[in-house]
Amino acid sequence: MKSINPYTGKTLKIYNPHSDHQIKETVERAQDTFLMWKKIGFEEKAHFLNKAADILESKKEHYAKLISLEMGKMLKESVAEIEKCAWVCRYYAEKAEGFLADSPLDLPDDKKAKLKYNPLGVILAVMPWNFPFWQVFRFAAPNLMVGNTGILKHASNVPQCALAIEEIFEEAGFPKGCFQTLLISSDKVKSILQHPSVKAATLTGSEKAGEIIASHAGEVLKKTVLELGGSDPFIVLADADVEKAAKTAAKSRMINFGQSCIAAKRFIIHKKVYDKFVEVFKKEIEGLKQGDQFDENADYCCMARPDLAEELFAQVNKSIAMGAKVILEGSRPEEGKALFKPYIISDITPDMPAYHQEMFGPVATIFKINSEEEAIKIANDSPYGLGSSLWTSDMDKADELAGQIESGAVFINELVASSPYLPFGGIKRSGYGRELAELGIKEFVNIKTVSFTQS
Ligand code: NAP
């Protein structure tokens, strides 16, 4: 398993994958630890989780450098990612006990019953490279507070991040076995998931991986949470603050060099504000500077792997060949390199890859619309339904239209962003289940009904 700097192509480290014997030991240790961990009180668990937050904060430059080196994120963005991980640890350390307190049920007569939220056991987490710390911590923090234990199979291109996360939890004092990393290829996932001690799985990744993991889990009737792709609409209506919308749109499209599930990808703009939007949006993206991950004067570096740059270019190129208009011309990535220049394209028709497929990188597609109805129609004409951003000065209209948009979240006059306080997840081919907030901590619990009758 190789750790490669995508900007230079240089191999940083090579790891031997864990053997079948080590995988077996890891699962057994996770189960043994669970039997002890599930009895630990909230105060003690919160102490360890706050310690993990302290470690993240005190060594944020170090961990951020690992992220930047392995997947090409700008260092300042990597630092922000580490800070967010500390935030989610502190959030669940403080809130978990309240979220998981027994809740009484409303019953007729003098009946009494309540719900208890008990841990499930060992949970397998299969995670992507794009936010290699954040995706893992938003799973691990709530689940460790529940009393579950976790096994991480991280994306193969971020092994240093994967091992660092395991070390953080160990250094924080969590018993070995609470959170373990396995360096394994994806073909090992099925046997782990189907091990009797593993009770459920969460995947953040592509639709293809989602289909496969859900079917493996389905064979043995285990629960999954799937956080998959997105092609989020960014709708700007005629009465919006178009300048602010266009600047925010550029930011939302270019976060993490476009490699974010909740990046705005399809810009659906009312004809009355279209020209102004395009002018400002293009200027913003054109003005961004490319450099290496550590260049303080640069805004973006490169994509996470050369094959991803090639794949994205193929989608754009095919759409252009089919008639898409180029508003901002990028460039073909050099063979074997992860460098990419952003594109903006318009005049997208449903037969083009750019219409229905997720463009997982710095490519924006723009649609000109005549009415609010048309905006909603195009927004919903997607296999995905993760986030969406809607811009209007009329809050009643925003509320009404938010109800019509097929997505897991609608952000009004702001970009879609994740926060520990907001439930996060999708519908349609963006997956199912929710992470973060109170809903997130209740995905992998046994919601147990306890009914009392006086003897
Ligand atoms: P990916 O190729 O699906 O990889 C994600 C994880 O799944 C990796 O650990 C990968 O391991 C593993 N995997 C892939 N195929 C598998 C299989 N057949 N069986 C078991 N495990 C398998 O996705 P990616 O390219 O890393 O990430 C980009 C995708 O993730 C985009 O579609 C993006 O929108 C989505 N995403 C969604 C969210 C969300 O919250 N909804 C957040 C971030 C990203 P290997 O690396 O070893 O192949």
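Our structure's up above, just so we're on the same page.
Remember, it's a predicted structure, so these values are computed and weren't measured experimentally.

Draft legend 1. Quick peek at the site of the ligand. In the vicinity of the ligand there are 29 residues, among which W129, S156, S206, L228 and E358 approach most closely. Within the contact set of the ligand, an oxygen atom lies 3.3 Å away from a backbone nitrogen or oxygen of A155. Residue G205 places a main-chain N or O atom 3.2 Å away from an oxygen atom belonging to the ligand. Elements with a minimum of two residues in the shell around the ligand: α5 (134-146), β8 (198-204) and α8 (207-219). The element contributing the most residues to the shell around the ligand is α8, with three residues. Here the shell around the ligand is built from residues that sort into 15 nonpolar, 10 polar and four charged.

Draft legend 2. Region of the structure containing the side chain of K153. You can see K153 is positioned in strand β6 (residues 149-153). One buried charged residue, K153, forms no salt bridge at all, with the nearest opposite charge on D187 at 8.1 Å. Within the structure, the side chain of K153 is placed 3.1 Å from the backbone oxygen of I184, a separation counted as a polar contact. Those residues in contact with K153 that lie beyond four places of it in its chain are A125, V126, M127, L182, I184, S185, S186 and V189.

Draft legend 3. Looking closely at the environment of Q135. Positionally, Q135 belongs in helix α5. For the pair formed by Q135 and L422, sequence separation is 287 residues and the distance between their alpha carbons is 15 Å. Not counting residues within four places of it along the chain, the set of residues in contact with Q135 comprises M127, P128, N130 and T204. Reaching out from Q135, the side chain makes a polar contact with the side chain of N130 at a distance of 3.4 Å.

Draft legend 4. Summary view of the sheet that holds β8. Read across the sheet, six strands follow the order β7-β6-β5-β8-β9-β19 without closing on themselves; strand pairing throughout is mixed. Edge positions in the sheet fall to β7 (179-182) and β19 (431-432), since each has one partner strand and no second. Of the pairings in the sheet, the one linking strand β5 (residues 122-126) to β6 comprises five bridges and is parallel in character. Bridge pairing in β6 places V122 opposite T149. The strands that α8 touches are β5, β8, β9 (223-227) and β19; relative to β9, the one it contacts most, it runs at about 175°.

Calculation criteria
- Residues numbered from 1 in each chain as written.
- Predicted model: local features only at pLDDT ≥ 70, side-chain atom pairs only at ≥ 80, totals over all residues.
- Heavy atoms only, no water.
- Near = heavy atom within 4 Å.
- Polar contact = N/O pair within 3.5 Å; in protein donor to acceptor, adjacent residues only side chain to side chain.
- Helix = DSSP H or I, 4+ residues; strand = E, 2+ residues; numbered from the N terminus.
- Nonpolar A, V, L, I, M, F, W, Y, C, P; charged D, E, K, R; others polar.
- Buried < 20%, exposed > 50% of the residue type's maximum accessible area, 1.4 Å probe, protein only.
- Lys, Arg positive; Asp, Glu negative; His and termini not counted.
- Salt bridge = Lys/Arg side-chain N within 4 Å of Asp/Glu carboxyl O.
- Contact = heavy atoms within 4.5 Å.
- Pairing = 2+ DSSP bridges.
- Axes fitted to C-alpha atoms, helices over the stretch in contact; angles between N-to-C directions.

Geometric values such as these leave the question of function open.
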